[in-house]
Amino acid sequence: MRQKPKTVSPMSNEGRNAYVVRHITDALLKLLQQKPINDISISELCDCAQVGRASFYRNFESREDILKEYINQMFQSWIEDHERRGEKSLNELIYSIFAHFEKHSDFYRLLQKRKLVYLLKDIIMDICGPRPEHSNTEAYAKAFVAYTLYGWIEVWFQRGMQESPEEMANLFRVQGL
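Residues numbered from 1 in each chain as written. Predicted model: local features only at pLDDT ≥ 70, side-chain atom pairs only at ≥ 80, totals over all residues. Heavy atoms only, no water.

**Looking at the pattern of salt bridges**
- Summed over all chains, the structure comprises three salt bridges.
- The salt bridge partner of Lys 121 is Asp 122, with a shortest N-O separation of 3.6 Å.
- On the accessibility criterion, Lys 121 (29% relative accessible area) is partly exposed. (Salt bridge = Lys/Arg side-chain N within 4 Å of Asp/Glu carboxyl O. Buried < 20%, exposed > 50% of the residue type's maximum accessible area, 1.4 Å probe, protein only.)

In structure tokens, the structure reads:
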């Protein structure tokens, strides 16, 4: 059973690795404030994080992988909250997702600024996309909703996140989706 970082001894391998991952992530987010991801070298990232290159490659294959992991962690909390609330309707789901983006708007604005919103597609597909057990009709319907939602998220970010999560959920509902 994997320990959570809060219960891991800082002296354990897992504790040291969590420390390294956190520092690499923090360093990348800091550097992204200054320049695009393609202008950040692995060496620069490791220097900023004060870790060795081997630590980077032990944990990640690319700089984008750092952001994917960070997004997955953020959404893991969202998924747990969503399941605890027992939200079942599509309107509740849409509202909840947009509320998550609004809550973490600084991070998502940074993704938009650096043209990295595409990293959200996989998580949106995981949340509301098709599953192997779905019938053809259900799979295509879920894919339609998931890709539509992803498109709406991207445009919402591009337009400066002007509408509230409530307004976005209502706009989605009014479209009959």
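**Here we look at the nonpolar core**
- Counting 52 residues, the largest nonpolar core has Leu 67, Phe 101 and Leu 120 as the members making the most contacts within it.
- Mapped onto this core, the elements with two or more residues apiece are α1 (13-34), α2 (42-49), α4 (63-85), α5 (90-103), α6 (105-113), α7 (121-128), α8 (136-158) and α9 (165-174).
- Ranked by residue count, the leading element in this core is α1, at eight residues.
- Filtering out sequence-adjacent residues up to four positions away, Leu 120 remains in contact with Ile 71, Phe 101, Tyr 108, Leu 111, Tyr 150, Ile 153 and Phe 157. (Core = buried A, V, L, I, M, F, W, Y, C linked by side-chain atoms within 4.5 Å. Helix = DSSP H or I, 4+ residues; strand = E, 2+ residues; numbered from the N terminus. Contact = heavy atoms within 4.5 Å.)

**Examining unusual backbone geometry**
- The phi torsion at Gln 50 lies on the positive side, around 60°, for a residue other than glycine.
- As for its placement among the helices and strands, Gln 50 is situated in the loop between α2 and α3 (53-59).

**Observations concerning the environment of Asp 106**
- Relative to the helices and strands, Asp 106 is located in helix α6.
- For the pair Asp 106 and Cys 128, spaced 22 residues apart in the sequence, the C-alpha separation amounts to 24 Å.

**Considering the packing of α4 against α5**
- Contact pair α4 / α5: the axes reach a minimum separation of 11 Å and the direction vectors enclose 145°. The two elements α4 and α5 meet at a crossing, and its hand is right-handed. Contacts between α4 and α5 involve Met 74, Phe 75, Trp 78, His 82 and Arg 85 from the first element and Leu 93, Ser 96, Ile 97, His 100 and Phe 101 from the second.
- Among the residues making up the contact of α4 with α5, the classes are represented as six nonpolar, three polar and one charged. (Axes fitted to C-alpha atoms, helices over the stretch in contact; angles between N-to-C directions. Left-handed = near helix turned anticlockwise from the far one by under 90°. Nonpolar A, V, L, I, M, F, W, Y, C, P; charged D, E, K, R; others polar.)

**Concerning α9**
- Buried within α9 we find Pro 165, Met 168, Ala 169 and Phe 172. End-on view of α9: buried residues confined to an arc of 100°, all on one side of the axis.
- Elements that come into contact with the buried residues of α9 comprise α5 and α8.
- A positive backbone phi angle near 80° is found at Gly 176, which sits one or two residues after α9. (Arc of directions from axis to C-beta.)

**Concerning the packing of α4 against α6**
- Contact geometry for α4 and α6: axes closest at 13 Å, N-to-C directions at 150°. Classified by the interaxial angle, the pair formed by α4 and α6 is roughly antiparallel. α6 is crossed by α4, and the crossing has left-handed handedness. Across from Leu 67, Tyr 70, Ile 71, Met 74 and Phe 75 in α4, the residues of α6 making contact are Phe 107, Tyr 108 and Leu 111.
- The residue inventory of the contact of α4 with α6, partitioned by class, reads eight nonpolar, no polar and no charged. (Parallel < 35°, antiparallel > 145°, perpendicular 65-115°, else oblique.)

**Side note on the environment of Leu 171**
- Mapping Leu 171 onto the fold places it in helix α9.
- Judged by its relative accessible area of 38%, Leu 171 falls in the partly exposed class.
- Along the chain, Leu 171 and Val 51 lie 120 residues apart, while their C-alpha atoms are 46 Å from each other.

**Side note on α4**
- For α4, spanning 23 residues, the distance from its first C-alpha to its last is 34 Å, which sits close to the expected 33 Å at 1.5 Å a residue.
- Those residues of α4 not exposed but buried are Arg 63, Glu 64, Ile 66, Leu 67, Ile 71, Met 74, Phe 75, Trp 78 and His 82.
- Elements that come into contact with the buried residues of α4 comprise α1, α2, α3, α5, α6 and α7.
- For α4, the N-terminal cap is Ser 62; the gap from its side-chain oxygen to the backbone nitrogen of Glu 64 is 3.4 Å. (Expected span 1.5 Å × (residues − 1). Polar contact = N/O pair within 3.5 Å; in protein donor to acceptor, adjacent residues only side chain to side chain.)

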